[in-house]
Amino acid sequence: MKWSKKLIHTLKEQPKNVENISHSLSIRAGLVRPLISGVYSYLPLGWRVISNIITIIKKEMNRIGGQELFLPALTPSELWEETGRWEEYGKEMFKLKDRRNRDMCLAPTHEEIMTEIARKEITSYKDLPQIWYQIQTKFRDEIRPRGGLFRLRQFIMKDSYSFDTNDEMFRKSYNLHREAYNNIFKRCGLDFITVKASSGLMGGSLSEEFMVFSESGEDVVVVCEKCGYKANREVAKAGESSKFKVQSSKDEPLTKVYTPVKGSVEEVSKFLKVPKTKLMKSLLYIIDEEPVFLLLDGEHELSDEKIRKLGTARAATPDEIKTIAGASPGYIGPVGLKTKVKKFADTFLKFQSGLITGANEDMYHFKGVNLERDLKIDEYVDLMLVNDGDKCENCGDSLKVKHTIEIGHIFNLGTKYSSSMGAFFLNKKGERRPIVMGSYGTSPERIMMSIIETHHDEDGIIWPLEIAPYKVLIIPLNIENPEVKNTAFTIWSDLNEKTETLIDDRNESVGVKFKDALLIGIPLQIIIGERSLKTGKVEIKSRDGKFSKVVKKEDASKEVIKIVNRE
RNA sequence: CGGGGGGUAGCGCAGCUUGGUAGCGCGCUUGGUUCGGGACCAAGAGGUCACGGGUUCGAAUCCCGUUCCCCCGACCA
């Protein structure tokens with residue numbers, strides 16, 4: 001392709017309102033353009049990349065027996081009501097009405113529609129197993145789209161669904177998907193890990209996420225570099241050994257101290273000149289309509305996911321706090337309460353005493369709190385988010401907290417959807433059984449952004465060969481020099497038939513051409529200039545800087561094809 | 001939903017405090033020079049200053065409302 005005839009517009013300057021590197025480069029290299037918050041247009045160069053990623057996904061999905069189909073994005077409310085998700089999904093759904101006032105939504109995911117097909121089409125164990133997938137646009141009205149293309153309101157997703165007779169068979173489908181995902185991400189040049197995850201709105205028990213390490217990521221995982229433990233921070237556990245970090249005197253008497261500062265851990269620890277670990281956070285929650293104190297040490301934070309396991313939970317409002325504990329937020333605590341409130345303490349606290357917490361009186365805290373002596377804990381549970389440096393449960397080594405981008409998620413759905421929507425089959429014995437399902441998602445856009453995030457330098461993108469929008473970029477340095485021009489076009493017309501080749505035939509100065517080449521990141525460059533042409537040669541160079549060779553101009557095409565085929 | 005920042009040429013920005021002809025850089029067009037690392041000279045085109053209302057002789061600028069974009073947070077005491 002001739003650059004001069006293509007919509008490949010690069011930007012010299014950093015675009016406004018971008019904060020991560022992949023966002024900036026994808027706009028500067030002319031891959032995408034923003035339309036509205038969380039919605040982007042793909043320009044030709046970006047779409048070629050997405051297409052290449054989709055090609056890989058399809059190949060790997062087909063390899064495990066997946067059958068591609070295509071479902072509507074416009075869906076009726078009735079299906080969602082059958083599973084209760086019309087309400088559950090709430091405002092995240094783009095809901096609309098048709099002209100007859102029928103409730104519809106733009107599908108945020110497709111379990112219901114897939115199950116709807118399964119319940120009509122699958123009647124016998126002989127129909128199973130099945131794996132169906134599609135590559136389709138999803139709509140989610142996110143609370144806050146962020147990080148450029150990482151959290152979008154409209155995005156492309158490869159979602160697949162497995163249908164099996166029982167758990168054992170499901171396991172096979174699940175493992176096939178894990179294998180397919182491993183292959184997809186490897187071929188995309190991504191360095192990733194899998195972690196246990198929470199299944200959120202999807203339901204079901206087993207779920208794993210595929211994660212790429214990146215500072216720009218909005219997910220946080222906990223990893224142990226020694227033994228390989230890894231989990232999403234929401235569900236990660238720290239080992240016992242980190243719980244002995246704080247040792248305080250058991251005999252310290254319970255005393256009330258005047259703390260005329262804001263009630264935050266930060267302020268109180270500074271005022272009393274004690275480490276944050278001495279403080280006990282006392283958080284009042286309403287769980288299953290009942291007030292509950294959640295207690296944890298001053299250095300750790302609550303995991304929303306872990307609270308969710310206790311029941312339907314929400315934080316108490318300031319008014320409720322005042323009524324139940326008799327003080328403002330920041331000065332409340334589980335000691336000496338007038339009303340009876342359940343108390344759940346993080347297991348971390350089991351070994352601690354001499355703690356400081358709110359005295360249920362504004363501007364006062366208790367110190368010397370001993371959990372055994374001064375109050376009755378109803379239950380010790382795991383509540384906290386693991387911090388960097390906490391100890392590993394398995395090996396005792398220090399845990400690391402790292403930012404990641406979630407590029408894939410695989411779920412066991414069990415019979416959640418088949419039971420509620422009536423997708424049954426008859427087994428060999430003629431018994432009616434719900435289909436055991438799994439669902440599996442990955443997003444080409446996320447993959448693209450993750451690749452940029454992990455494959456770039458200060459000058460631009462460095463595409464892996466299989467993903468790149470073009471494999472080769474021919475750069476005639478001075479297009480007005482007839483010899484340069486002719487050589488370039490001769491090589492181009494030969495190479496263009498064999499691999500995707502772009503020729504920078506613009507009448508631009510060399511600086512512009514080199515800078516743009518670095519920015520858009522085509523893996524192989526053929527540089528044609530008067531200097532090397534004097535001896536009948538041209539230069540072949542890889543974008544990553546690992547390869548550079550001067551060859552006879554007649555051999556250029558052959559040499560490049562050798563590299564393309566080898567990789 | 002709460003808080004903060006922003007919207008002026010295709011892109012990045014200045015001008016706003018103190019109201020008085022709408023500017024700069026990049027990009028774009030034309031002509032010329034240049035060509036192994038974002039070249040130079042010259043001449044141009046391009047604006048509903050987000051939108052609506054108000055104050056004023058006069059508003060990009062002051063006041064009110066709306067809207068869109070970005071960031072942080074969403075009860076972490």
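Here the structure is a predicted model, which means the values were calculated and not measured. (Residues numbered from 1 in each chain as written. Chains lettered and ligands numbered in written order. Predicted model: local features only at pLDDT ≥ 70, side-chain atom pairs only at ≥ 80, totals over all residues. Heavy atoms only, no water.)

## Some thoughts on the protein's contact with RNA strand B
Turning to step 1, where the next piece is worked out: Close to RNA strand B lie 47 residues, the nearest being Arg 144, Gly 263, Gly 330, Leu 518 and Glu 539.
Turning to step 2, where the next piece is worked out: For RNA strand B, the backbone makes up 44% of the atoms found within 4 Å of the protein, where backbone means sugar plus phosphate.
Turning to step 3, where the next piece is worked out: Between a phosphate oxygen of RNA strand B and a main-chain N or O atom of Ser 37, the distance comes to 2.7 Å.
Turning to step 4, where the next piece is worked out: Going through the elements one at a time, strand 14 (280-287), strand 16 (301-302), helix 14 (510-520), helix 15 (530-533) and strand 32 (537-542) are the ones with two or more residues in the surface near RNA strand B.
Turning to step 5, where the next piece is worked out: Sort the elements by how many residues they give to the surface near RNA strand B and helix 14 lands first, with 7 residues. (Near = heavy atom within 4 Å. Polar contact = N/O pair within 3.5 Å; in protein donor to acceptor, adjacent residues only side chain to side chain. Helix = DSSP H or I, 4+ residues; strand = E, 2+ residues; numbered from the N terminus.)

## A short note on the packing of aromatic side chains
Turning to step 1, where the next piece is worked out: Here the structure, examined in full by the defined rule, presents 11 aromatic pairs.
Turning to step 2, where the next piece is worked out: Plain terms: the ring middles of Tyr 181 and Phe 185 are 5.6 Å apart, the flat faces sit at 75° to each other, and that makes the pair edge-to-face. With Tyr 181 and Phe 185 both in helix 6 (residues 167-187) and 4 residues apart, this pair spans about one turn of that helix.
Turning to step 3, where the next piece is worked out: With a relative accessible area of 0%, Tyr 181 lands in the buried category. (Phe/Tyr/Trp six-rings, centres within 6.5 Å; stacked < 30°, edge-to-face > 60°. Buried < 20%, exposed > 50% of the residue type's maximum accessible area, 1.4 Å probe, protein only.)

## A few points about unusual backbone geometry
Turning to step 1, where the next piece is worked out: Cis peptide bonds are those with omega within 30 degrees of zero, and the linkage from Leu 128 to Pro 129 qualifies with 0°.
Turning to step 2, where the next piece is worked out: The phi torsion at Asp 288 lies on the positive side, around 50°, for a residue other than glycine.
Turning to step 3, where the next piece is worked out: Overall, Asp 288 belongs to the partly exposed group, its relative accessible area being 45%.
Turning to step 4, where the next piece is worked out: Located in the positive-phi region is Asn 360, a residue other than glycine, with phi close to 60°.
Turning to step 5, where the next piece is worked out: Within the fold, Asn 360 resides in the loop between strand 19 (353-358) and strand 20 (364-370).

## Digging into the pattern of salt bridges
Turning to step 1, where the next piece is worked out: For the structure on display, the rule yields 34 salt bridges.
Turning to step 2, where the next piece is worked out: A salt bridge links Glu 218 to Arg 151, with the shortest nitrogen-to-oxygen separation between them at 2.5 Å. Taken together, the residues Glu 218 in the loop between strand 10 (207-213) and strand 11 (219-223) and Arg 151 in the loop between strand 7 (130-139) and strand 8 (154-164) connect sequence positions 67 residues apart.
Turning to step 3, where the next piece is worked out: Residue classification places Glu 218 among the partly exposed positions, given a relative accessible area of 33%.
Turning to step 4, where the next piece is worked out: The partly exposed category is assigned to Arg 151, whose relative accessible area is 23%.
Turning to step 5, where the next piece is worked out: Salt-bridge contacts for Lys 471 lead to Glu 500; the nearest nitrogen and oxygen are separated by 3.5 Å. Remark: Glu 500 occurs in the loop between helix 13 (482-495) and strand 30 (501-503) and Lys 471 occurs in the loop between strand 28 (460-461) and strand 29 (472-476); sequence separation between them is 29 residues.
Turning to step 6, where the next piece is worked out: Counted as one network, the salt bridges with shared partners bring together Glu 60, Arg 63, Arg 187 and Glu 466. (Salt bridge = Lys/Arg side-chain N within 4 Å of Asp/Glu carboxyl O.)

## Focus: the pairing of strand 15 (residues 290-297)
Turning to step 1, where the next piece is worked out: Among the 8 residues of strand 15, 6 are classified as buried, and the element is accordingly described as predominantly covered.
Turning to step 2, where the next piece is worked out: Sheet analysis places strand 14 next to strand 15, joined by 8 bridges and oriented antiparallel. By the bridge assignment, Met 280 is partnered in strand 15 with Asp 297.
Turning to step 3, where the next piece is worked out: Taking the residues that link successive antiparallel strands as the turn, the strand 14-strand 15 hairpin has 2 residues, and the phi of Asp 288 there is positive, at about 50°.
Turning to step 4, where the next piece is worked out: Direction of pairing for strand 15 relative to strand 18 (residues 342-346): parallel, over a ladder of 4 bridges. By the bridge assignment for strand 18, Val 292 is matched with Lys 342. (Pairing = 2+ DSSP bridges.)

## Considerations on the packing of helix 1 (residues 21-28) against helix 12 (residues 444-454)
A pair of packed helices is characterised by two quantities: the angle between their axes and the separation of those axes.
Turning to step 1, where the next piece is worked out: Two elements in contact, helix 1 and helix 12, have axes separated by 8 Å at closest approach and are oriented at 105°. With respect to helix 12, the axis of helix 1 lies roughly perpendicular. Where helix 1 abuts helix 12, its residues Ile 21, Ser 22, His 23, Leu 25 and Ser 26 lie against Met 449, Ile 452 and Glu 453.
Turning to step 2, where the next piece is worked out: Residues that form the contact of helix 1 with helix 12 fall into these classes: 4 nonpolar, 3 polar and 1 charged. (Axes fitted to C-alpha atoms, helices over the stretch in contact; angles between N-to-C directions. Parallel < 35°, antiparallel > 145°, perpendicular 65-115°, else oblique. Contact = heavy atoms within 4.5 Å. Nonpolar A, V, L, I, M, F, W, Y, C, P; charged D, E, K, R; others polar.)

These figures come from the coordinates and say nothing about function on their own.
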